[in-house]
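So you can see what is in the structure, the chains are spelled out below.
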Amino acid sequence: MNARKTDAIVIGAGWAGSILAKELTEAGLSVTVLERGDDRATAVEGDYPSSIDELRGAIRHRLFQNLSQTTVTIRNTVGQVAVPYRRLAAFLPGEGVGGAGLHWSGVHFRVAPDDLALRTNVIARYGKSFIPEGMNLQDYDVTYEELEPFFDKAEKVFGTSGEPYTIQGKIAGKGNPFAPDRSDAFPLPAMKDVYSASLFKTAAANVGYHPYSLPAANASAPYTNPYGVQMGPCNFCGYCSGYDCYMYSKASPNVNILPSLRQDPKFTLITKAHVLKVNLDSEKKKATGVTYLDLQTRQQVELEADLVIVSAFQFHNVHLMLLSGIGQPYDPVANTGTVGRNFVYQTITTSRAWLPSTHYTNQFIGAGGAGVAIDDFNSMNFDHGPLGFVGGSPVWVNQAGAKPIAAAIGGPGGKAPAWGEGYKDAMVETYRHSLTIDAHGSNMAYRDVYLDLDPTYTDAYGQPLLRMTFTWKDNDIRMNQYVVSKIEPIMKAMGATRYSLEKLATDQLFDTRRYQTTHLGGGAVMGADPQTSAVNRYLQSWDVPNVFVIGASAFPQGMGYNPTGMVAALAYWSAHHIRTTYLKNPGPMVRA
Amino acid sequence: MKRPSSTRRRFMGGLLGSASFWLYSDHEVWADALTAVDAGPYTPRYFNQEEWRFLNAACERIFPTDAHGPGARSLGAPEFIDRQMDTPYGHGKLWYMSGPFLNAPENLGYQLSLPPRDIYRQGIAAADAYARQHHDGRSFADLDASAQTAVLKDLEHSEMPLGSVPAHFFFEQLRQNTLEGVFSDPLHGGNKGLAGWTLLGFPGARADFMDWVNQQGAPYPFGPVSISGETA
Ligand SMILES: Cc1cc2nc3c(=O)[nH]c(=O)nc-3n(C[C@H](O)[C@H](O)[C@H](O)COP(=O)(O)OP(=O)(O)OC[C@H]3O[C@@H](n4cnc5c(N)ncnc54)[C@H](O)[C@@H]3O)c2cc1C
Ligand code: SF4
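The residue numbers shown here count from 1 along each chain, following its written sequence. Lettering of chains starts at A and numbering of ligands starts at 1, both following the order in which they are written. pLDDT decides what is reported in this predicted model: residues at 70 or higher carry local features, side-chain atom pairs at 80 or more are listed and counted, and totals for whole chains, interfaces and linings draw on all residues regardless. Heavy atoms throughout the structure, all of them, feed into the side-chain values; hydrogens and water do not.

Caption draft 1: The overall build of chain B, seen in detail. When you go through chain B residue by residue, the secondary structure sums to eight helices and two strands. Strands here are runs of E lasting at least two residues and helices are runs of H or I lasting at least four, both read from the DSSP assignment and numbered beginning at the N terminus. Going from N to C terminus, chain B has its helices and strands arranged as α-α-α-α-α-α-β-β-α-α. Each residue gets one of three labels from its accessible area relative to the maximum for its type: buried under 20%, exposed over 50%, partly exposed in between, using a 1.4 Å probe on protein chains only. Scored against the burial criterion, the 232 residues of chain B give a buried share of 53%. Across chain B, every contact between residues at least 6 apart in sequence was considered, and the portion connecting residues at least 24 apart equals 63%. In this description, contact between two residues means that some pair of their heavy atoms is separated by no more than 4.5 Å.

Structure (structure tokens):
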């Protein structure tokens, strides 16, 4: 083994890793980013027209994690034997430079401020007994006001399109009235509403809700970001989710950050470098660097550093912490330890409305981040008192470009046949004349839902797989059912000839065969108390202070919004405090 | 920064004038697809003759020829599936394939040790045997359409093992791959004449809808185009 040294190591070249690498090189550090996948550039993976291939893209997942090398095991309950997640379906982790940030959709939210202190807010409004037994409701220990400058910065880097509601306390547009105040406008005006979304906007307003165009990291106009990189205007091609945007219109680490880093002599990117573990000193109080496997030579390489950034995606972050011995693994029986605790996901159900056959919804037209939503049933924007559950869901039409293979396999819906006689008729009607409405909601944390190392299965490198113990719980199922019931009047107001409402069933188990979202969270959550959080408010490990763990792993519970806006803001927030405080005096930034 | 527009313009330029309306009469679509098949019969590389006969018949029942146009067979779905068998997907190289392989509840997903090519090898042999058992020794491909449909419906709803594959699982593999063949870009061997896309009204690789974001529910007027520039 040959040992080399750099100031900072960043594990993973996705959104979180690219932001940290950019910030730390700006601070003058030499930074080495280790990415297990291939290098990726839009000129290659996004080359038109060969990139416009649904089979290779969203069906065979060419840009996603190849599970043959490493995966997770999953079980629903503590007593079960977990089995491997052998085929990509329920969630789709990324791999390669850009991470999932290369093939994400681009819905780009901030946060509902109430969600940051959900425990405090629920207790203040409904009392402590409102929190169900076994639910680990927690606060983030950071406020919206503290994060606002970093949300603003991330939007400017991403070139986000959106319409504000208030800027510096004054009404500035027709945006989401539930959205928190902004210091500045969106860098670009909102994306146009596709036909389906515009129908939803009118109908939802008629029903008395407050529709707004989704904030999208899809560029509504040409844009140059603060790093000097350019984006072209989105043409609604519909190839966001699962693809590299050939128009350079969807924000990605590859387009928006890495071009400015690649020229920096202080920046080194090593691809095909699978990090096996963060190396710690004998007391497990200090990281000395990492060991990675060079996937080309099959040699293990040791790299030394003063600072290690774990930014490998939510569950890979937790996996690396467990493999490295950073912090105490969570034990649900003893209720001790923090690493793996509060593993959360996101509830989502998709309902469908059919319009008269004179109305074409042209579902292939759309952009991943665009659409129209209502927040009337998200977060704490409505009275939970009589309902008896915590959490909520935005509801939206997010027509991201429905492709024929996925649509055909999904089938025409309702009671129509999924093949054979009658299938074509129903499929043609559904594809041409229907639209979908999602309830995309929160998922709370529970004592018996967590991550740990699997006792049986290993990856291609001989390390234990991560084990997920996860299922849906009554609180979140009832929340979903309630919010979906609010979709019905909107569908009627849209002039639907018929509709089918999809909700989570009572006692429904998590099904790993069906795509839901890749919005997994928690497992290394931030907080004020080292007994219930793995990292402090700056995303610094309580146990190993020269390790920062950046990603949705920091979320104490799953929120209604998509996570990446929050991940990016937390990444900039953490980087800011590393630059202004930590580097001057390395050590714990919060006293336990 | 490198911009994509020049390649794109060249590509779209080549199509100008040839883009046709997607509201074809059924007859025209069908004729096109059949010409594509007539251009040269495909010889399977993975499936043997018996398997190939089964596959052709089964794909056609899943996506039949009817008044809407051609079925999966003339659209090249069997050819598509045959070609897929020799891709990383067919060999199971996209799946985690390490043991132990345990029986687990269905909602925890696929837990067999077989890659798609072995699912087909075992599944077809056993499904054909099932057909012969119930139809006086006649193989699936020799049954009439309604008997074939009945066999597939049995499989769709049955836990019965076909080799080591549960029947409903084998059926779903077949259904999904058939629809992939019907609706993927023709470069993969199916969707001949782009007739799958024409049926749905999907414009293929056009991927530029700047002027069509919201036309108040009017149908999109242009027919499909493939990655290679073929139009319907
Ligand atoms: C299809 C899809 C659509 C999505 N749409 C949206 C959306 O509309 N809005 C939204 O907010 N979010 C969306 N997301 C989620 C979004 O992609 C993620 O939240 C975001 O990319 C997370 O950033 P990250 O940096 O934490 O992880 P990633 O971007 O995934 O980057 C992590 C990187 O770390 C690498 N890595 C992992 N382990 C190792 C190791 N051991 N050694 C070396 N490298 C390693 C991975 O290969 C990967 O490249 C979507 C995700 C998917 C898959
Ligand atoms: S819809 Fe827009 S942002 Fe998405 S891939 Fe197409 S051009 Fe890019």
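Caption draft 2: Here's a closer look at the pattern of salt bridges. Whenever a carboxyl oxygen of Asp or Glu lies within 4 Å of a side-chain nitrogen of Lys or Arg, that contact is scored as a salt bridge. This structure, assessed with the given rule, holds 35 salt bridges over all chains. Between Glu-146 of chain A and Arg-537 of chain A there is a salt bridge, and its shortest N-O distance comes to 2.6 Å. Taken together, the residues Glu-146 of chain A in helix α6 (residues 144-158) and Arg-537 of chain A in the loop between β20 (498-500) and β21 (547-549) connect sequence positions 391 residues apart. Ionic pairing is found between Glu-79 of chain B and Arg-83 of chain B, a salt bridge with its closest N-O pair at 2.7 Å. Within this pair, Glu-79 of chain B and its partner Arg-83 of chain B are both found in helix α4 (residues 77-84), separated by four residues, close to a single helical turn. A single network of salt bridges, built from pairs that share partners, joins Lys-22, Glu-23, Glu-26, Lys-153 and Arg-579 of chain A.

Caption draft 3: Spotlight on helix α10 (residues 314-324) of chain A. Residues and elements named next belong to chain A. Burial of α10 is extensive: 11 of the 11 residues sit out of reach of the surface. Residues of α10 that are buried include every one of Gln-314, Phe-315, His-316, Asn-317, Val-318, His-319, Leu-320, Met-321, Leu-322, Leu-323 and Ser-324, and no others. Of the residues trailing α10, Gly-325 is marked for its positive phi of about 80 degrees.

Caption draft 4: Structural context of the packing of helix α5 (residues 116-134) of chain B against helix α6 (residues 145-156) of chain B. Residue and element names in this part refer to chain B. In this analysis, axes come from line fits to C-alpha atoms, helices being fitted only over the stretch in contact, and the angle between any two N-to-C directions falls in the range 0 to 180 degrees. Packing of α5 against α6 leaves a shortest axis separation of 11 Å and a crossing angle of 125 degrees. Classified by the angle their axes make, α5 and α6 are oblique. Pair α5 / α6 crosses with right-handed handedness. Of the residues in α6, those in contact with Ala-127, Tyr-130 and Ala-131 of α5 are Val-151, Asp-154 and Leu-155. Any angle that is under 35 degrees is reported as roughly parallel, and any over 145 degrees as roughly antiparallel; angles of 65 to 115 degrees are reported as roughly perpendicular and all others as oblique. Crossings are assigned a handedness: left-handed for a near helix turned anticlockwise from the far helix by less than a right angle, right-handed for a clockwise turn.

Caption draft 5: Representation of the site of ligand 1 within the structure. All names here are of chain A. Taken together, 36 residues lie around ligand 1, and Ala-16, Glu-35, Arg-36, Val-107 and Thr-564 are the ones closest in. One of the side-chain N or O atoms of Arg-36 is found 2.8 Å from an oxygen atom in ligand 1. Gly-101 places a polar main-chain atom, nitrogen or oxygen, 3.3 Å from an oxygen atom of ligand 1. Breaking the shell around ligand 1 down by element, the ones donating at least two residues are α1 (15-26) and β11 (273-280). The element contributing the most residues to the shell around ligand 1 is β11, with three residues. For the shell around ligand 1, the per-class residue count stands at 15 nonpolar, 18 polar and three charged. Residues are counted as near a molecule or strand when any one of their heavy atoms sits within 4 Å of it. Between N or O atoms, a polar contact is any pair within 3.5 Å; within protein, one atom must be a potential hydrogen donor and the other a potential acceptor, and residues adjacent in sequence are included only when both atoms are from side chains. Only Asp, Glu, Lys and Arg are considered charged, only Ala, Val, Leu, Ile, Met, Phe, Trp, Tyr, Cys and Pro nonpolar, and every remaining residue, Gly among them, polar.

Caption draft 6: Expanded view of the pairing of strand β3 (residues 72-75) of chain A. All names here are of chain A. What you see with β3 is no split at all: Val-72 and Ile-74 on one side and Thr-73 and Arg-75 on the other are buried throughout. In terms of strand pairing, β3 meets strand β19 (residues 464-469) through four bridges, oriented parallel. Bridge pairing in β19 places Arg-75 opposite Thr-469. For two strands to pair, DSSP has to find at least two bridges joining them. As paired strands, β3 and strand β4 (residues 83-84) are joined by two bridges and run antiparallel to one another. Bridge pairing in β4 links Thr-73 to Pro-84.

Caption draft 7: Summary view of α4 of chain B. With seven of eight residues buried, α4 of chain B is to be regarded as a mostly interior element. Residues of α4 of chain B that are buried include every one of Ala-77, Pro-78, Glu-79, Phe-80, Ile-81, Asp-82 and Gln-84 of chain B, and no others.

Caption draft 8: Here's a closer look at the pairing of β19 of chain A. Residue and element names in this part refer to chain A. Counting buried residues along β19, five of its six residues qualify, which places the element largely inside the surrounding structure. Here five bridges tie strand β18 (residues 450-458) to β19, and the two strands are oriented antiparallel to one another. Residue pairing in the sheet places Asp-452 in a bridge with Arg-467 of β19. Hairpin geometry of β18 and β19 is characterised by an intervening segment of five residues between the two adjacent antiparallel strands and by a positive phi of about 85 degrees at Gly-462.

Caption draft 9: Just the UniProt feature "domain: Glucose-methanol-choline oxidoreductase C-terminal" (unreviewed entry) in chain A, in detail. Here, the residues flagged by UniProt with the feature "domain: Glucose-methanol-choline oxidoreductase C-terminal" (unreviewed entry) are residues 452-571 of chain A. Across residues 452-571 of chain A, the secondary structure splits into 22% helix and 16% strand, with the terminal C-alpha atoms separated by 25 Å. UniProt positions are given in the numbering used here, feature names are shortened, and annotations may be inferred rather than shown by experiment.

Caption draft 10: Local environment of the sheet that holds strand β14 (residues 347-354) of chain A. Residue and element names in this part refer to chain A. Judged by pairing direction, the sheet is antiparallel, and its six strands sit side by side in the order β7-β15-β16-β17-β14-β20 without closing on themselves. Both outer strands of the open sheet, β7 (212-213) and β20, are each paired with one neighbouring strand and no more. Across three bridges, the pairing between strand β15 (residues 372-374) and strand β16 (residues 395-397) is antiparallel. Counterpart to Val-372 in the pairing with β16 is Val-397. Sheet strands in contact with helix α13 (residues 474-485) are β14, β16 and β17 (434-441), and its direction is about 25 degrees off that of β14.

Caption draft 11: Structural view of the interface of chain B and chain A. Contacts between the two partners involve 81 residues from chain B and, on the opposite side, 73 residues from chain A. Here's the idea: put two parts together, see how much 1.4 Å probe accessible area each one loses, and the total over both is what we call buried area. Roughly 6300 Å² is buried in total at the junction of chain B and chain A, and carbon and sulfur atoms are behind 62% of that figure. At the surface where chain B touches chain A, the tally comes to three salt bridges. Two residues, Asp-66 of chain B and Lys-424 of chain A, come together in a salt bridge whose shortest N-O distance is 3.2 Å.

Caption draft 12: Layout of the confidence of the model for chain A. Values of pLDDT, the confidence the predictor places in each residue, fall between 0 and 100. Predicted confidence across chain A gives a mean pLDDT of 97, with 99% of residues reaching 70 or more. Mean pLDDT in chain A bottoms out at helix α2 (residues 42-45) of chain A, which sits at 89, and peaks at β21 of chain A, which reaches 99.

Caption draft 13: Looking closely at unusual backbone geometry. Across the junction of Tyr-48 of chain A and Pro-49 of chain A, the peptide omega takes the value 0 degrees, indicating a cis bond. Mapped onto the secondary structure, Pro-49 of chain A falls in the loop between α2 and α3 (55-59). For the peptide bond that leads from Gly-99 of chain B to Pro-100 of chain B, omega is 0 degrees, which places it in the cis range. Structurally, Pro-100 of chain B is set in the loop between α4 and α5. Phi at Lys-284 of chain A takes a positive value of approximately 60 degrees, unusual for a residue other than glycine. Within the secondary structure, Lys-284 of chain A sits in the loop between β11 and β12 (287-294). Notably, Leu-194 of chain B is not glycine yet its phi reads approximately 60 degrees, a positive angle. For Leu-194 of chain B, the position within the fold is in the loop between α7 (167-183) and α8 (195-200). The class of Leu-194 of chain B is buried, set by a relative accessible area of 0%.

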